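Next come the chains, spelled out residue by residue.
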Amino acid sequence: MKKRILPIVALGVTAALGLAACSGGTDTGSADGEDQTLSVWIMQGTNPDSTAFLDEVSSAFKEETGATVEFEEVQWADAHERFVTSIAGGTTPDIAETGTTWTAEFADAGALVPIDEYVDAEDGLRDDLVEGLEVAGTYEEELYGMPWYAGVRSIVYRADIFEELGLEAPKTWDDIVTAGEAIKAAYPEMLAFPVAGDSEFFVYPWVWGAGGEIATVDGGEWTSELDSEKSQAGIQFYTDLATKYGFSSAGATTWKETDIRDAFTQGNVAMMLSGSWTPNALIETNPDLEGKLGAAVIPGEDGGIAPSVLGGSHLSIFNTTKNADLAWEFVKFMTTGEYAEQWAEQTGYFPGVASAMEAALASTDPLVAPFAEQMVDGGASVPVTPNFGAVQAKKTTNAMIQSILSGQKDVATATKDAAAEMTELLNQ
């Protein structure tokens, strides 16, 4: 599968930081941690039982290496600003959880230690990394973020309705249309497959599923491919679910991802794109959905798997560490083996190494195995460049979809305009 890369959210971070932290000052040190302390930032809220988990990890790592680990839990909402400030001031922790949309940004600012040599020194580890997370942690051909955990979006559907109507989980785009038409006829009050106008990551699987791309780079020059023939075909199919087949509603033109999930839990939606972390939450919100949900990979146009954007985190080593070797040992300790599996089990996300996903891939749980397959075989990302943040801030992709759904533009015009805007923003 072709590798794809993830977005950078902040704008102009390199200039803002003034490259205050540079990689030249990092000591490699030794993996012997006796009388040494590692500071580690972990984002708060992902794991409801994080205190007990982190205490266990700290004790086990001290027993193995002699090092003390000092964890600090950081709110996601405050984290980016804290990183920017600490990078500029040279006060970063030894190790931190970096969201997949931040890792390359901090690498671009010169704040992270490349970890390729460490990964390649571990027998078989490179081949074990989940590809989408590896690509998201790679900047200018160097790996800066060790895959830790992630979730991915696939199709979630009302299995009870599918069974009642004699339908199977869709394996092609035609299957989606066939199922949607049957549901629309039997349950006209439901939205068979709503198209959210304000959800960027819902768009890209259809672009990739048709063989298109968001943008490509050649010699440092970016070109958006949203207006290519293949990308247009994917966007046409996705918007046709609303404009041609009537599986959506006019109101969904402004919906975000959360709006679709809310409508689903209220019993108003039969199929949707949703994250691997959401099924349990759907059932908690509406217990009547227990036993009525199914999941399926997003199919490519004629079958297979359409790639879907991964969302999750890496563990990264900051160049202010005094012992990069010891820091790597901790990163490996957290992201491979039993603790990687424990974290995934407690959070509902998937681990960042394929070997730790064997149970999920082999699961007969209809709400686990399809997401695991999507992540390993169809996890993807969007262009790695600090300027992609400008594309997201401008909502270029969302505005394109909304203009088609509202009838203001046809697909050819909307994609041409969006591609021109994206290309300009990516090359600022």
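What comes next concerns the included structure. (Residues numbered from 1 in each chain as written. Predicted model: local features only at pLDDT ≥ 70, side-chain atom pairs only at ≥ 80, totals over all residues. Heavy atoms only, no water.)

What follows covers the overall build of the protein chain. Regarding its fold elements, the protein chain presents 20 helices and 13 strands. Scaling as 2.2 N^0.38, a compact globule of 428 residues should have a C-alpha radius of gyration of about 22 Å, and the protein chain matches this with 22 Å. Here the C-alpha coordinates of the protein chain stretch approximately 70 × 45 × 35 Å along the principal axes. In the protein chain, buried positions account for 57% of the 428 residues. (Helix = DSSP H or I, 4+ residues; strand = E, 2+ residues; numbered from the N terminus. Rg over C-alpha atoms; globule rule 2.2 N^0.38 Å. Buried < 20%, exposed > 50% of the residue type's maximum accessible area, 1.4 Å probe, protein only.)

The next point concerns the environment of Asp 108. Position of Asp 108 among the secondary structure elements: in helix H4 (residues 103-108). For Asp 108 and Tyr 139, which are 31 residues apart along the polypeptide, the C-alpha to C-alpha distance reads 7.5 Å. A distance of 2.6 Å separates a polar atom in the side chain of Asp 108 from a polar atom in the side chain of Tyr 139. (Polar contact = N/O pair within 3.5 Å; in protein donor to acceptor, adjacent residues only side chain to side chain.)

Position of Thr 347 relative to the elements: it lies in helix H15 (residues 338-347). Thr 347 sits in the buried class, given a relative accessible area of 13%. Within the structure, Thr 347 has its side chain in polar contact with the backbone oxygen of Trp 343 (distance 2.9 Å). Every residue in contact with Thr 347, bar those within four places of it in the chain, is listed here: Thr 46 and Asn 47. (Contact = heavy atoms within 4.5 Å.)

For the coordinates displayed, the defined rule picks out 13 salt bridges. Here Arg 126 makes a salt bridge to Asp 116, at a shortest N to O gap of 2.8 Å. Note that Arg 126 is positioned in helix H6 (residues 125-128) and Asp 116 in helix H5 (residues 116-121), a separation of ten residues in sequence. A residue is classified by how much of its surface remains accessible, and Asp 116, at 18% relative accessible area, is buried. In this structure, Glu 122 and Lys 332 form a salt bridge, with 3.1 Å as the shortest nitrogen-oxygen distance. Within this pair, whereas Glu 122 is found in the loop between H5 and H6, its partner Lys 332 is found in helix H14 (residues 324-335), the two being separated by 210 residues in sequence. Relative accessible area serves as the criterion here: at 22%, Glu 122 is assigned to the partly exposed category. (Salt bridge = Lys/Arg side-chain N within 4 Å of Asp/Glu carboxyl O.)

A word on the side chain of Ser 58. Considering the arrangement of structural elements, one finds Ser 58 in helix H2 (residues 50-65). Not counting residues within four places of it along the chain, the set of residues in contact with Ser 58 comprises Val 69 and Phe 71.

Packed helix pairs are characterised by how far apart their axes lie and by the angle those axes make with each other. Following both chains from N to C, one finds helix H19 (residues 396-405) and helix H20 (residues 411-426) inclined at 165°, their axes separated by 9 Å at the closest point. In terms of orientation, H19 lies roughly antiparallel with respect to H20. Read as a crossing pair, H19 and H20 show a hand that is right-handed. Judged by residue contacts, Thr 396, Thr 397, Met 400, Ser 403 and Ile 404 of H19 engage Val 411, Ala 414, Thr 415, Ala 418, Glu 421, Met 422 and Leu 425 from H20. Residue composition of the contact of H19 with H20, by class: seven nonpolar, four polar and one charged. (Axes fitted to C-alpha atoms, helices over the stretch in contact; angles between N-to-C directions. Parallel < 35°, antiparallel > 145°, perpendicular 65-115°, else oblique. Left-handed = near helix turned anticlockwise from the far one by under 90°. Nonpolar A, V, L, I, M, F, W, Y, C, P; charged D, E, K, R; others polar.)

Let us now look at unusual backbone geometry. Of note in the backbone geometry, Asp 35 takes a positive phi value of approximately 65° without being a glycine. Looking at where Asp 35 falls in the secondary structure, it is placed in the loop between helix H1 (13-17) and strand E1 (37-44). Of note, the phi angle at Glu 140 is positive, near 50°, even though the residue is not glycine. On the basis of relative accessible area, Glu 140 is assigned to the exposed category, the value being 63%.

Along H15, the residues classified as buried are Tyr 339, Ala 340, Trp 343, Ala 344 and Thr 347. The arc that holds every buried residue of H15, seen down its axis, measures 140°, which confines them to one face. Of the residues one or two after H15, Gly 348 is the one with positive phi, at around 85°. (Arc of directions from axis to C-beta.)

On to the packing of helix H11 (residues 229-243) against H20, then. Closest axis-to-axis distance for the H11/H20 pair is 10 Å, and the angle between their directions is 120°. Taken together, the axes of H11 and H20 lie oblique to each other. Seen along the crossing, H11 lies across H20 with a hand that is right-handed. Contact residues: Gln 232, Ile 235, Gln 236 and Thr 239 in H11; Val 411, Ala 412 and Thr 415 in H20. When grouped by side-chain class, the residues that make up the contact of H11 with H20 number three nonpolar, four polar and no charged.

Within soluble globular proteins, side chains that are nonpolar tend to cluster in buried spots. Within the largest apolar cluster, 83 residues are counted, with the highest numbers of intra-cluster contacts made by Phe 193, Tyr 204, Trp 206, Ile 235, Leu 241, Met 375 and Met 400. For this core, the element with the highest residue contribution is H20, accounting for seven residues. If you look at the next biggest cluster of nonpolar residues, it comprises 35 residues, including Ile 42, Phe 53, Phe 61 and Val 119. (Core = buried A, V, L, I, M, F, W, Y, C linked by side-chain atoms within 4.5 Å.)

The subject of this paragraph is H2. Taking 1.5 Å of rise per residue, the 16 residues of H2 would be expected to cover 22 Å, and the 22 Å separating its terminal C-alpha atoms lies within 8% of that figure. Those residues of H2 that sit buried are Ser 50, Phe 53, Leu 54, Val 57, Ser 58, Ala 60, Phe 61 and Thr 65. Buried-residue contacts for H2 involve E1, strand E2 (68-75), H14 and H15. (Expected span 1.5 Å × (residues − 1).)

Turning our eyes to something else, we now look at the environment of Val 376. Its location among the elements puts Val 376 in helix H17 (residues 369-378). Each residue touching Val 376, except ones within four places of it in the same chain, is listed here: Met 357 and Leu 361.

With that settled, the discussion passes to a negative patch on the surface. A cluster of like negative charges, contributed by Glu 56, Glu 338, Glu 341, Glu 345 and Glu 358, occupies part of the molecular surface. Here the element with the most residues in the negative patch is H15; it accounts for three residues. Mapped onto the elements of the fold, Glu 358 is located in helix H16 (residues 358-362). Residue Glu 358 is classed as exposed on the basis of its relative accessible area of 54%. (Patch = residues over 30% accessible without salt bridge, like charges linked within 9 Å, V, L, I, M, F, W, Y side chains within 5 Å. Areas by Shrake-Rupley, 256 points an atom, 1.4 Å probe, with all protein chains shown as cover. Lys, Arg positive; Asp, Glu negative; His and termini not counted. Charge placed at Lys NZ, Arg CZ, Asp CG, Glu CD.)

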